Amino acid sequence: MTLDRLGLTPDQERVYRWLLQERHRTAALAPADRLVLGELRQLGLLNDDLSAVSPVTAVDVLVRRRLSEAQRQFAELGAAWDALREWGEEHRTGKPAGTVEFLPGGAESGRRIQQLLARQPDELLSIQADPRHSPFWRVRAGYERQLAAGLRSRVIFPIDAMEDPAQVAHARRRHSLGDLHRVTTQQIGPLAIVNRSVVFVAAGPGEDVIQIRHTSLARLLVGVFDRMWALAHDVAEPPFSPTELRVLHALTCHDTDESAARSINISVRKFRAHVAAVMDRLSARTRFQAALLVKEKGWI
């Protein structure tokens, strides 16, 4: 298992692995590699004597850093979402909003997305509650032709959708066509970003949509989407139900099966059955290995 997805550079990972083998032989490092020691120590992967912390501790430290970073980023996104709703309200009350436009219904937003992609079929990013239905557009045959011609499309949808076999089957079929799908445990409203420049966001519980042509905000939302994508898991990977995610989380927080099962209000027998099923899908030999794998992928 490499540590690049947890934020380590190739040089940092190489030096860390070398220190695990050679322990205190830091004097044998090349001058350039000695500079990496400071980076590793700042990351919390070295002890005071410059020996490497254990791999278990290293993964835990790196996962916590990534999760903390993700939480800050989602807080930024929450602030951006509040701004979007305020701008939508400005449009409803007739106040000018410059680069923000309120679109009644999803049909108009779908037409505009199609127009943008027809002119420049570059990239479409979206977050939606149901893989089969977007509040912004309806998938047409032309969209599949655009995928075949090189359009990059990525969709993030919530883990709850994996409870519905029809949604899972649809997401995997689209994924096989190049319309890439990943699953997230984060809760976030519907969003579409065309060519990293034009944003469409659901304005409320209905089908009304806000369109934003604001470079800085689009850049912010693209960055958040990319980080969400990195933490999400592929639909081809072992899917986990909300119950299984709770089981995995309890597994990392409790010392015994009894206390873990009690914390999520299920029987010990069911808890152990869930753990065994998850370990089998992950091909994990031990519970500890299973917990490390799901932490490393950001699933809990």
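The structure under discussion appears in the preceding block.
Before going into details, it helps to say that this report is about the structure given with it. (Residues numbered from 1 in each chain as written. Predicted model: local features only at pLDDT ≥ 70, side-chain atom pairs only at ≥ 80, totals over all residues. Heavy atoms only, no water.)

1. Some details on the overall build of the protein chain
The secondary structure content of the protein chain amounts to eleven helices and eight strands. Relative to its full complement of 300 residues, the protein chain shows a buried share of 46%. Just so you have it, the protein chain exposes about 15,400 Å², and 52% of that area is on carbon and sulfur atoms. (Helix = DSSP H or I, 4+ residues; strand = E, 2+ residues; numbered from the N terminus. Buried < 20%, exposed > 50% of the residue type's maximum accessible area, 1.4 Å probe, protein only. Areas by Shrake-Rupley, 256 points an atom, 1.4 Å probe, with all protein chains shown as cover.)

2. Quick look at the sheet that holds strand β7 (residues 209–212)
Strand pairs in the sheet, formed through backbone hydrogen bonds, run parallel or antiparallel to each other. Taken in spatial order, the eight strands line up as β1-β7-β6-β5-β2-β3-β4-β8 in an open sheet, and their pairing is mixed. Lying at the two open borders of the sheet, with one neighbouring strand each, are β1 (100–103) and β8 (233–234). Across four bridges, the pairing between strand β5 (residues 191–194) and strand β6 (residues 198–202) is antiparallel. Following the sheet pairing, A192 is matched in β6 by F200. (Pairing = 2+ DSSP bridges.)

3. Some points on the nonpolar core
Most often, soluble globular proteins keep nonpolar side chains buried together rather than apart. In terms of nonpolar packing, the biggest core is built from 24 residues, with F157, M162, V183, F271 and L282 touching the most fellow members. Broken down by secondary-structure element, the contributors of at least two residues to this core are α6 (165–176), α8 (242–253), α9 (257–263), α10 (268–282) and α11 (287–296). Core analysis: the next-biggest nonpolar cluster, separate from the first, contains 20 residues, V100, L125, I212 and F225 among them. (Core = buried A, V, L, I, M, F, W, Y, C linked by side-chain atoms within 4.5 Å.)

4. Things to note about the packing of aromatic side chains
A complete count under the given rule lists one aromatic pair for this structure. Seen from their ring centres, F225 and W229 are 6.2 Å apart, and the 15° between their planes marks the pair as stacked. Taken as a pair, F225 and W229 lie in helix α7 (residues 215–231) at a separation of four residues, close to a single helical turn. (Phe/Tyr/Trp six-rings, centres within 6.5 Å; stacked < 30°, edge-to-face > 60°.)

5. With respect to the packing of α8 against α10
Across the interface, α8 lies against α10 with an axial gap of 10 Å and an inter-helix angle of 95°. The orientation of α8 relative to α10 falls into the category roughly perpendicular. Across from T243, E244, V247, L248, A250 and L251 in α8, the residues of α10 making contact are F271, H274, V275, V278 and R281. (Axes fitted to C-alpha atoms, helices over the stretch in contact; angles between N-to-C directions. Parallel < 35°, antiparallel > 145°, perpendicular 65-115°, else oblique. Contact = heavy atoms within 4.5 Å.)

6. Quick notes on the pairing of strand β3 (residues 152–158)
For β3, the tally of buried residues reaches six of seven residues, placing the bulk of the element in the interior. When strand β2 (residues 123–127) meets β3, the two strands line up parallel, connected through five bridges. Note that in β3 the partner of L125 across the bridge is R154. As paired strands, β3 and strand β4 (residues 179–184) are joined by six bridges and run parallel to one another. In the sheet register, R154 faces β4, and the bridge partner there is L180.

7. Examining the environment of L221
Relative to the elements of secondary structure, L221 occurs in helix α7. According to the relative accessible area criterion, L221 is buried, its value standing at 1%. Remark: the alpha-carbon pair of L221 and S197, spanning 24 residues in sequence, is separated by 9.8 Å.

8. As for the side chain of S126
When you line up the elements, S126 lands in strand β2. Residue S126 is classed as buried on the basis of its relative accessible area of 1%. A distance of 3.4 Å separates a polar atom in the side chain of S126 from a polar atom in the side chain of Q128. (Polar contact = N/O pair within 3.5 Å; in protein donor to acceptor, adjacent residues only side chain to side chain.)

9. Concerning the pattern of salt bridges
Taken as a whole and assessed by the stated rule, the structure comprises 16 salt bridges. Salt-bridge contacts for E101 lead to R112; the nearest nitrogen and oxygen are separated by 2.8 Å. One end of the pair, E101, is in strand β1; the other, R112, is in helix α4 (residues 106–119), and eleven residues separate them in sequence. Its relative accessible area of 33% is what places E101 among the partly exposed residues. (Salt bridge = Lys/Arg side-chain N within 4 Å of Asp/Glu carboxyl O.)

10. A closer look at α10
The periodicity of an α-helix, 3.6 residues per turn, causes residues three or four positions apart to be oriented the same way. The terminal C-alpha atoms of α10 lie 21 Å apart, and with 15 residues this matches the ideal 21 Å at 1.5 Å per residue to within 8%. If you check which residues of α10 are buried, you get F271, V275, V278, M279 and L282. Axial view of α10: buried residues confined to an arc of 100°, hence all on one face. Exposed positions of α10 whose direction lies more than 90 degrees from the buried face are R269 and D280. (Expected span 1.5 Å × (residues − 1). Arc of directions from axis to C-beta.)

11. Focus: the side chain of E123
Mapped onto the fold, E123 is located in strand β2. Of the residues examined, E123 reaches a relative accessible area of 5% and is grouped as buried. Looking at E123, its side chain comes within polar contact range of the side chain of R196, at 2.6 Å. The contact partners of E123, leaving out residues within four places of it in the chain, are L117, L151, R152, R154, I193, V194, N195 and R196.

12. Observations concerning α8
When the terminal C-alpha atoms of α8 are compared, their 17 Å separation across twelve residues agrees well with the 16 Å that a helix rising 1.5 Å per residue should span. Regarding α8, the residues found buried are P242, E244, L245, V247, L248, A250 and L251.

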